[in-house]
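A look at the structure
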Amino acid sequence: MVRKRSDIALPDTSDTAVDPSLVPRFGAFLDRANIGLLFADEGLVVTRVNRTIGELLQLPDDAVGKPLGSVGHEIDDEILAAVRDAVQTEAVVEFETMIEGGEHVGIRAVPVADGVTLYVEDASDRIDLRRGLKRSRRILETLDDGVYTLDEAFVITSVNEAVTSMTGYDREELVGSHASMLAGDETLSMADKILEQLRSNGSDIGLIESSIQRKDGSRLPIETRFSTVEFDNGDRQRVGILRDATDRRRHDRTLRELNRSARLLLDADSETTVCETVVSVANSVWPTACVTVYLLDTSSSVLRPVEASGDDPKSRGPGTIEWEAFVRGDGSPGIDIDADVEQDTTVDDALSFRQLSDASGPQFGSTAADRDGPSGYVIERSDDGEPSSERTLFATLAEYGLLRIEFGSEADSETLAEPVELLAANAIAALGRVEREAELSQRREALAERNRRLQRLHGFNDLLRRINGALVEADALEDIGRAVCDHLVSAEGIAFAWLGECYRSGGGIQSVARAGDGGGYLDGLGVLETGAAGSTGGTAEPTHRALDTGDPAVVSNVSSGLHDAQWRERALVRGFQSVTSVPLEYNGLQYGVLSVYADRADAFDGPLGELLEEFGTTVANAINGVEAKRSLQSEALVELDLRIDDPNELLARLSATLDEQLRIDGTVPKGTDRSVIYLRSPVDPDRLTSSAHAVEAVRSVGDDTDPRVEVTVRESTVANWLGDYGVSIEELVADPEGVDATVVLPRTADVRTLVESLGERHPSVELLARHESDVSTAGMAELAGASKDRLTDKQRQALRTAYLSGYFEWPRASTGEEVADALDITQPTFNRHLRTTERKLFSALFED
């Protein structure tokens with residue numbers, strides 16, 4: 001109960017005359033009043049009540065005329081005491097109490113001249129309002145935002161506790177002061193204008209972003225929302241909410257910087273540029289932070305620092321905090337570790353771990369199945385229980401690396417997590433884009449290079465076809481050399497080419513043809529000197545190495561090892577960047593070398609070098625054909641008697657198997673490792689087949705008067721080699737120790753080279769005799785030359801096999817089918833070769 005005494009002088013109305021006609025109407029008014037009324041005389045006897053008080057205090061209908069204390073249980077001692085107090089003190093007594101039923105009522109006892117008047121009214125609404133106001137005040141005092149009211153003159157009339165915290169002023173200093181002590185005149189003028197606009201537009205709330213001056217003189221960025229409120233008494237006041245905008249502005253600036261980083265990272269064209277941009281943006285957001293970006297070096301399995309804003313960091317490998325943070329991440333951007341660490345701190349140091357508080361959004365330091373867990377881990381290091389002085393956040397950059405940002409101790413990992421995460425996400429996107437663009441660029445470059453190589457390859461294939469066409473028409477070695485060199489230097493990138501021979505010169509190598517801008521490269525270099533090819537070390541000119549080893553010699557970069565060889569300097573002066581030298585060898589017989597020089601490095605690495613290597617065999621074959629034709633057409637011949645001691649020679653082994661001397665009529669090669677040998681000797685086929693390992697088949701092609709045998713073997717023979725060399729075999733006799741051969745070759749041929757080449761293949765070769773003779777230019781020599789010109793290798797092989805197997809004898813010693821079997825072809829194919837050969841030979845015989 002709240003009692004309140006009001007010392008009010010009441011007027012004396014005892015002598016006041018009342019119009020009798022007004023009494024009934026006044027009584028009716030009192031009965032309809034919302035306030036309960038009870039009149040009692042000086043003895044506290046009830047003289048009059050209205051309906052409202054009867055309902056509130058549950059008075060009986062016959063209450064009038066009874067003492068006040070006996071008219072109802074609701075008029076308790078408290079009410080009686082208040083009435084007596086009012087009569088005795090002649091002062092108004094007021095209080096609130098609760099009656100039966102839980103209703104709150106307001107009681108007011110007012111003394112009058114002839115008694116006392118009791119006023120009773122329902123106080124529930126007033127109490128609820130008062131409680132609501134108290135609750136509102138309590139809420140206002142606990143708000144983080146400031147709440148204030150101003151009168152129309154901008155004088156502060158009230159503030160909550162948050163305003164005092166923001167400004168540093170006490171409440172007593174603020175209330176009653178003009179708002180200009182906090183806000184500038186410009187801000188107040190702006191607020192006045194906004195209020196006018198609000199009234200004209202029918203709006204309620206205005207907004208101003210500005211700053212206020214604190215008691216210590218510093219400026220505080222704020223955001224205030226305000227409106228005008230008109231009270232019941234007609235007063236108008238401005239009510240506003242004041243909010244500290246420091247965090248929001250910092251957040252806005254952080255977002256702007258992160259958005260700027262996204263735009264900058266879109267232009268980054270390398271991993272280094274991405275890392276530089278990340279560090280720059282991080283330092284613009286957190287100027288005092290130490291930022292380091294590590295990228296994973298997969299070759300050494302360490303995190304390599306690419307860019308940093310602090311001290312020069314070290315690479316971090318397994319066992320370090322950085323590595324632990326990297327491997328603990330799940331590949332998503334985010335905060336993995338928050339720690340006070342030194343550069344050399346390892347996981348084995350005294351570190352305490354705690355999980356970050358649960359938060360929405362991506363989870364870090366966990367697998368996809370643990371997404372509902374906490375957002376990573378905090379690692380804090382302390383000495384002797386003291387709190388850490390610094391805090392470091394790590395954000396994994398997926399599989400690319402790690403972002404490390406070291407803040408001061410006041411940093412809050414919860415508020416920093418989101419912007420660091422966004423920065424890391426931007427970095428991951430940029431690194432992924434750079435990686436994809438690099439891969440795409442490499443693919444485009446590889447595709448472009450492949451197309452260029454294919455174009456060059458197509459060009460060289462076409463070039464080789466044209467050279468092959470020219471080789472068919474060549475009649476001499478010089479023609480071959482000119483055709484090859486002239487066509488080669490017409491190709492893109494080929495600066496110089498020359499062809500040298502070593503089989504006719506008797507020593508060293510002689511230039512046959514050269515083309516291109518050699519500029520005297522060969523002159524004075526010693527390449528053409530006799531015996532120069534013996535210089536075979538790694539520093540020798542590629543021509544010498546190819547001749548000595550029999551393998552192609554490729555120099556991809558002439559400038560490499562420049563000071564080790566004189567020829568490299570001479571080549572570079574003439575613009576030669578790479579060289580290849582291809583030996584010209586046919587069935588073991590070395591004719592010379594083809595050297596080609598390009599104006600770019602690595603020109604002969606790959607398909608071009610392989611083509612030229614194969615092309616060397618083609619050129620050697622052409623030289624062999626020319627020399628064979630020259631041998632057949634030569635007027636001056638040399639006949640040589642040779643003794644070849646070699647028990648491992650196939651013909652000698654066949655003789656040893658039969659234990660008799662064998663006379664060989666001829667041989668026909670069947671590829672590189674098979675031959676058909678025609679022997680003039682009675683041979684037991686079963687004995688030869690079972691005893692000689694290389695023998696595939698034996699067939700008799702003679703009769704008792706002329707015993708001849710066709711033997712198919714899986715090896716090449718000395719006869720094949722001599723035929724490839726271009727000599728004619730007059731006689732060939734084999735015994736168990738070796739072979740005696742009588743051969744004929746042109747007088748211009750180099751006999752010494754022939755003997756030395758045979759000596760390289762067999763243990764002992766001896767020249768027993770040499771005879772020179774002249775032959776007529778007419779007759780069979782011309783026909784032989786014509787056959788060499790007009791017949792293909794397969795046609796010549798078919799004709800020789802048919803001749804040696806007795807196909808042209810009467811009666812025939814071999815059928816067409818048997819000859820075709822010996823050649824591994826069908827009989828129709830053999831017949832076509834034979835008909836074509838006969839037509840060509842008869843045309844040569846009968847034309848003119």
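Read on for an overview of the structure. (Residues numbered from 1 in each chain as written. Predicted model: local features only at pLDDT ≥ 70, side-chain atom pairs only at ≥ 80, totals over all residues. Heavy atoms only, no water.)

**Here's the deal with the sheet that holds strand 20 (residues 510-516)**
Heads up, the rule is: Any two strands with at least two DSSP bridges between them are considered paired. Starting at the N terminus, helices and strands are each numbered in turn, a helix being any DSSP run of H or I of at least four residues and a strand any DSSP run of E of at least two. Note on geometry: axes are C-alpha line fits, over the in-contact stretch for helices, and angles between N-to-C directions span 0 to 180 degrees. Should any heavy atoms of two residues lie within 4.5 Å, those residues are counted as being in contact.
Taken together, 5 strands build an open sheet; the order of strands is 20-19-23-22-21 and the sheet is antiparallel. For this open sheet the edge positions go to strand 20 and strand 21 (553-555), each flanked by a neighbour on one side alone. Taken pair by pair, the neighbouring strands of this sheet meet at an average axis angle of 15°, ignoring direction. Where strand 19 (residues 494-501) lies against strand 23 (residues 589-598), 7 bridges are found, and the strand directions are antiparallel. When the sheet's bridge partners are listed, Ile-494 is paired in strand 23 with Ala-598. The strands touched by helix 12 (residues 477-488) are strand 19, strand 20 and strand 23; relative to strand 20, the strand with the most contacts, the crossing angle is about 30°.

**Here's the deal with the packing of helix 21 (residues 793-804) against helix 22 (residues 816-823)**
Basically, it comes down to this: Any angle between 65 and 115 degrees counts as roughly perpendicular, while under 35 counts as roughly parallel, over 145 as roughly antiparallel, and the rest as oblique. Each crossing gets its handedness from the near helix: less than a right angle anticlockwise from the far helix is left-handed, clockwise is right-handed. Here the term charged refers only to Asp, Glu, Lys and Arg, the term nonpolar to Ala, Val, Leu, Ile, Met, Phe, Trp, Tyr, Cys and Pro, and the term polar to all other amino acids, Gly among them.
Axis separation between helix 21 and helix 22 bottoms out at 10 Å; the angle between their running directions is 125°. When the interaxial angle is binned, helix 21 and helix 22 end up oblique. Here helix 21 runs over helix 22; the crossing is right-handed. Along its contact with helix 21, which presents Gln-797, Ala-798, Thr-801 and Ala-802, the element helix 22 presents Val-819, Ala-822 and Leu-823. A breakdown of the residues in the contact of helix 21 with helix 22 according to their chemical character gives 5 nonpolar, 2 polar and no charged.

**Describing the pattern of salt bridges**
Test applied: Here a salt bridge means any side-chain nitrogen of Lys or Arg lying within 4 Å of a carboxyl oxygen belonging to Asp or Glu. With a 1.4 Å probe rolled over the protein chains alone, any residue whose accessible area is under 20% of its type maximum counts as buried; one over 50% counts as exposed, and the rest are partly exposed.
Applying the stated criterion to the full structure yields 23 salt bridges. The residue Asp-645 makes a salt bridge to Arg-643 at a minimum N-O spacing of 2.7 Å. Overall, Asp-645 belongs to the partly exposed group, its relative accessible area being 29%. Classification of Arg-643 by relative accessible area gives buried; the value is 13%. Asp-735 is the partner of Arg-643 in a salt bridge, and the nearest nitrogen-oxygen pair spans 2.8 Å. Of the two residues, Arg-643 sits in strand 24 (residues 636-645) while Asp-735 sits in strand 29 (residues 728-735), which places them 92 residues apart along the sequence. Note on accessibility: Arg-643 and Asp-735 belong to one class, buried.

**Structural notes on the side chain of Glu-223**
With respect to the helices and strands, Glu-223 occurs in strand 10 (residues 219-230). Here Glu-223 falls in the buried class, since its relative accessible area comes to 11%. Not counting chain neighbours up to four residues away, the residues in contact with Glu-223 comprise Leu-207, Ile-208, Glu-209, Ile-241, Leu-242, Arg-243, Ala-245 and Arg-248.

**Regarding the pairing of strand 19**
The element strand 19 is largely enclosed, with a buried count of 8 among its 8 residues. Strand direction decides the pairing type here: strand 19 and strand 20, joined by 6 bridges, are antiparallel. Across the sheet, residue Trp-498 finds its bridge partner in strand 20, namely Arg-514.

**So, the sheet that holds strand 10**
Sheet architecture is open: 5 strands sit in the order 8-7-11-10-9, paired in antiparallel fashion. The outermost strands of the open sheet, each flanked by one partner alone, are strand 8 (156-159) and strand 9 (206-213). The average angle at which neighbouring strand axes cross in this sheet is 30°, direction not considered. Two strands pair when backbone bridges link them, and strand 10 and strand 11 (residues 236-244) are joined in this way by 9 bridges, in the antiparallel orientation. Among the inter-strand pairings, Glu-230 is bridged to a residue of strand 11, identified as Arg-236.

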